[in-house]
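# Fold and contact review
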Amino acid sequence: MAPIITLTMNPALDIATSADVIRPTSKVRCSEARHDAGGGGINVARIAKALGVDVTAVFPAGGSTGAVVEDLVARAGVTARVVPIVGATRESFTVTERTSGQQYRFVLPGPHLTVVEQERCLDELRTLAGSADYVVASGSLPPSVPQDFYQRVADICRETGTLLVLDASGGGLRNIASGAFLIKPSLRELREYFARELATESEQVAAARELIDRGVSQSVVVSLGADGALLVTSQTAERFSGIPARVVSAVGAGDAMVTGIVVGLTRGWPLVEAVRLGIAAGTAMLLTPGTAVPARSDVDHFLRLAPQPHTVGLV
């Protein structure tokens, strides 16, 4: 059985294209579009497979877009357990303005899943989780799914003895009270969670440590974009610098970071080294168009460039 199970409750057909200039009202002539299977957990599954780790992706899918997502996941060589739904899988649309390099991202809310469809997703997860090392639950929740859904996922992981890695924002993050092994909020998401500016490094470490003290998670990785990341546990706090790279697209970089961390852990690496691999994978993702998976050689290259972290503390 695959060591990693991913759960994506709100998958998407990711469409990426570009245009010379984006202006309101006028027609925007775009280049040929790229289509990828997307949504946090699906991105994690595709990248993990590219890094040589077996993974099973659990996700609901419906409509013609859902069929395309299923096909793209299969082409990536990822084993999938798909829960059929009545609603249509959403699309996400990214346009890069070539003259400025700015990206415009249009993200739809997703389909309404029935209670039965939601329960089938949890049943699939429960069936698979017991034989896996890690469950990665990642991405937004569709409109009809309760905000405490990820707490139910955490409860299943606790029952099966599987370690949960959670990458969620908004209500999905605010409504998990316990049971995660690792959570990966961005700095923006951490600020939204606490409704505080968290302007200094010590304040960011303190906020992450507060999540640990509450029992939400055993460890927290705060992604800082180009500035790297913070790893906080109950005992230590480590600051990782970012790796300079040419940015083609930033879409999916956070998912790649999560993937690198979990892949490192499945290799038996210490958490600090796994986070270095996460930063390398996230950096490699910046080189790819749309949500195309990074080349394994690029991940290895950036891992060699990734500096060792330094310890930080509270003031």
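Look a little higher up for the structure.
The structure contained in this document is the topic of the report that follows. (Residues numbered from 1 in each chain as written. Predicted model: local features only at pLDDT ≥ 70, side-chain atom pairs only at ≥ 80, totals over all residues. Heavy atoms only, no water.)

### Points about the sheet that holds strand β2 (residues 12–19)
- Pairing in this open sheet of four strands is mixed, and the strands run β3-β2-β6-β7 from one edge to the other. Strands at the two margins of the open sheet, each flanked by one partner only, are β3 (34–38) and β7 (103–107). Each strand of the sheet is rotated relative to its neighbour by a mean of 20°, with strand direction disregarded.
- As paired strands, β2 and strand β6 (residues 90–97) are joined by eight bridges and run parallel to one another. Counted as the bridge partner of T17 is V95 from β6.
- Against the sheet, helix α1 (residues 40–50) contacts β2 and β3, and its axis sits at roughly 100° relative to β3. (Pairing = 2+ DSSP bridges. Helix = DSSP H or I, 4+ residues; strand = E, 2+ residues; numbered from the N terminus. Axes fitted to C-alpha atoms, helices over the stretch in contact; angles between N-to-C directions. Contact = heavy atoms within 4.5 Å.)

### Considering the nonpolar core
- Judged by nonpolar contacts, the single largest core of 49 residues is most densely connected at V165, V221, I261 and V275.
- Residue contributions to this core peak at nine residues, all from helix α9 (residues 271–285).
- Within the second largest apolar cluster, 48 residues are counted, among which are M9, A168, I212 and L230. (Core = buried A, V, L, I, M, F, W, Y, C linked by side-chain atoms within 4.5 Å. Buried < 20%, exposed > 50% of the residue type's maximum accessible area, 1.4 Å probe, protein only.)

### A word on unusual backbone geometry
- A positive phi angle, near 55°, is found at A195, a position not held by glycine.
- One can find A195 in the loop between α6 (187–194) and α7 (201–213).
- A positive phi angle, close to 50°, is found at L198, a residue other than glycine.
- Within the element layout of this structure, L198 appears in the loop between α6 and α7.

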